[in-house]
Amino acid sequence: MLRSVVGKSALKSFNFVAKRTYAEAAAATSGLKLQFALPHETLYSGSEVTQVNLPAKSGRIGILANHVPTVEQLLPGVVEVMEGSNSKKFFISGGFATVQPDSQLCVTAIEAFPLESFSQENIRNLLTEAKKNSSSSDAREAAEAAIQVEVLENLQSVLK
């Protein structure tokens, strides 16, 4: 469709502008710079990290320095930040990740909690309650409960 709107010759020049030169990008950076922000708090602000693993809608992905620029929707799951041999894991309920050409990764989420802050028993109780509410006759309550079930099931699976 884009080809018919802008014309073949305009599209060729557009493709030329969008090309990335890997040698220039690799020479300019040494590590991955992470910006990990929530509405009320910034967890990482331009910190250099080794790798970040993300629960993307397209599947679990690992981001290293010089990754191809991309935008990913994040699903409920674990964001793992690797700093050398140390690893920090956060559970997020969803969000977005953007990789810039200069090895900058920006992760934006509504909420993020360290995995060690969760109790399996508490998650099990909340999941039972949410499943009960998902069959409610109130459409709004049922929809909210369905979202809770999805998030809690994902959280439960990573805590096992």
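Conventions and cut-offs
Residues numbered from 1 in each chain as written. Predicted model: local features only at pLDDT ≥ 70, side-chain atom pairs only at ≥ 80, totals over all residues. Heavy atoms only, no water. UniProt positions renumbered as here; feature names shortened; annotations may be inferred. Helix = DSSP H or I, 4+ residues; strand = E, 2+ residues; numbered from the N terminus. Contact = heavy atoms within 4.5 Å. 1 Å grid on protein atoms, 1.4 Å probe; cavity = no way out; pocket = protein on both sides within 12 Å on 5 of 7 lines; lining within 4 Å. Points joined across faces, edges and corners; volume = space filled by probe spheres on them. Nonpolar A, V, L, I, M, F, W, Y, C, P; charged D, E, K, R; others polar. Expected span 1.5 Å × (residues − 1). Buried < 20%, exposed > 50% of the residue type's maximum accessible area, 1.4 Å probe, protein only.

Going by an unreviewed UniProt entry, the protein carries the name ATP synthase subunit delta, mitochondrial and comes from Saccharomyces mikatae IFO 1815. Turning to the protein, the UniProt record has this under Subunit (unreviewed entry): "F-type ATPases have 2 components, CF(1) - the catalytic core - and CF(0) - the membrane proton channel. CF(1) has five subunits: alpha(3), beta(3), gamma(1), delta(1), epsilon(1). CF(0) has three main subunits: a, b and c." UniProt annotates the protein under Subcellular location (unreviewed entry) with the comment "Mitochondrion inner membrane".

Q: What is the right way to read the environment of Gly-95 from this model?
A: Its location among the elements puts Gly-95 in strand E8 (residues 95–100). Separated by 39 residues in sequence, Gly-95 and Ala-56 have C-alpha atoms that sit 9.1 Å apart.

Q: In this structure, what is going on with the environment of Phe-96? I would like to understand it.
A: Note that Phe-96 resides in strand E8. Setting aside residues no more than four positions away along its own chain, Phe-96 makes contact with Glu-72, Gln-73, Leu-74, Cys-106, Val-107 and Thr-108.

Q: I would appreciate a short explanation of empty space enclosed by the protein in the present structure.
A: Gaps left between atoms are located by rolling a probe of water-molecule size over the structure's atoms. Under the defined criterion, the tally for this structure stands at one cavity of 30 Å³ or more. Lining the largest cavity we find Gln-120, Ile-123, Arg-124, Gln-156, Leu-159 and Lys-160. Going through the elements one at a time, helix H4 (120–133) and helix H5 (139–159) are the ones with two or more residues in the lining of the largest cavity. When residues of the lining of the largest cavity are assigned to their parent elements, the largest contribution, three residues, is made by H4. Of the residues in the lining of the largest cavity, the class split is two nonpolar, two polar and two charged.

Q: Hey, could you run me through the layout of surface pockets in this one?
A: Taken as a whole, the largest pocket holds about 220 Å³ of empty space. Glu-111, Phe-118, Val-151, Leu-152 and Leu-155 are, among the 15 residues lining the largest pocket, the residues nearest its centre. Those elements that place two or more of their residues in the lining of the largest pocket are strand E7 (86–92), H4 and H5. It is H5 that provides the largest number of residues to the lining of the largest pocket, a total of five residues.

Q: Before we go on, may I ask you to explain H5 in this structure?
A: Note on helix geometry: an α-helix contains 3.6 residues per turn, so any two residues three or four positions apart are oriented the same way. In this model H5 runs 30 Å from its N-terminal to its C-terminal C-alpha over 21 residues, within 8% of the 30 Å that 1.5 Å per residue would give. If you check which residues of H5 are buried, you get Ala-142, Ala-145, Val-149, Val-151, Leu-152, Leu-155 and Leu-159. Contacts made by the buried residues of H5 are with E7 and H4.

Q: What exactly am I supposed to notice about unusual backbone geometry here?
A: Most peptide bonds take the trans configuration, and most residues that are not glycine carry a negative phi. Of note, Asn-66 is a non-glycine position whose phi angle comes to about 65°, a positive value. Mapped onto the secondary structure, Asn-66 falls in the loop between strand E4 (59–63) and strand E5 (70–74). With a relative accessible area of 25%, Asn-66 lands in the partly exposed category. With a phi close to 60°, Ser-103 is a non-glycine residue in the positive phi region.

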